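Geometric and topological summary
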Amino acid sequence: MGIEKTIIKQKIMEVEIEDYLKSIFEKAEYSSLRVEKTPVLTRIIVYVGKPAIAIAKLRKMENEIKEVLTKKYNILNPQIVIEEVPNPYLDAKIVAYRIKRAIERGINFKKAALFYIERCMENGALGIEVRVAGKLLGKERSAAYKFSKGYILHTGFLKEIFVEEAKAQAIIPVGIVGIRVRILKNLPEMVKPISSNK
């Protein structure tokens, strides 16, 4: 039981650290992080869609970030490294964030969803599905709309491994709009996708 509690505590701390760094680098299109530990330091690699914005933010807040990571999370000598996501259009978190920002700027949700669906497919995705839900047409009742292209897995073991999913929330005058993005980037050689455009 002691080992289980330690593992759970460690996982909770990892989630809290990621939430903390995401809140700092969100406008730089935060995607994920990787932690590399050595005997003398802990390297935290933050992957973003816009590294220039992240680097500028890091320069401004580096001492504060290190202090929080050291004192609150007991991380040994944290060193933050910013890395660019190789292909942002194949990253579900970044695509969800970009759709969120487009909707918040007043761009029609359907145009935003279809635009990024096309960009994802052009950049090599096997399939993508975007679901947008909320008071999207100025109506009192909420509604949900789903857009997809290519091949996407909805259930099963392969979905858990190969489908990347991310969620975001856009805040507009009439309320909150929920955004869910699913991207299928690749599949094993033995699995042959069936093309479908919906």
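Before reading on, note that the structure itself is shown above.
Residues numbered from 1 in each chain as written. Predicted model: local features only at pLDDT ≥ 70, side-chain atom pairs only at ≥ 80, totals over all residues. Heavy atoms only, no water.

Our next topic: the side chain of Ser31. By the element assignment, Ser31 lies in strand S1 (residues 30-37). If we skip the residues at most four places from it in the chain, Ser31 touches Glu18, Tyr47, Val48, Val85, Asp91, Lys93 and Ile94. (Helix = DSSP H or I, 4+ residues; strand = E, 2+ residues; numbered from the N terminus. Contact = heavy atoms within 4.5 Å.)

Spatially, the four strands line up as an open sheet ordered S5-S4-S7-S6, and their pairing is antiparallel. Only two strands of the sheet have a single neighbouring strand rather than two, namely strand S5 (143-150) and strand S6 (163-172). Averaged over neighbouring strand pairs, the angle between their axes works out to 15° when direction is ignored. Both strand S4 (residues 127-134) and S5 contribute to a ladder of eight bridges, which runs antiparallel. Residue pairing across strands places Ile128 opposite Lys149, the latter belonging to S5. Along the sheet, helix H4 (residues 109-122) contacts S4, S5 and strand S7 (175-184); its crossing angle with S5, the most-contacted strand, is approximately 20°. (Pairing = 2+ DSSP bridges. Axes fitted to C-alpha atoms, helices over the stretch in contact; angles between N-to-C directions.)

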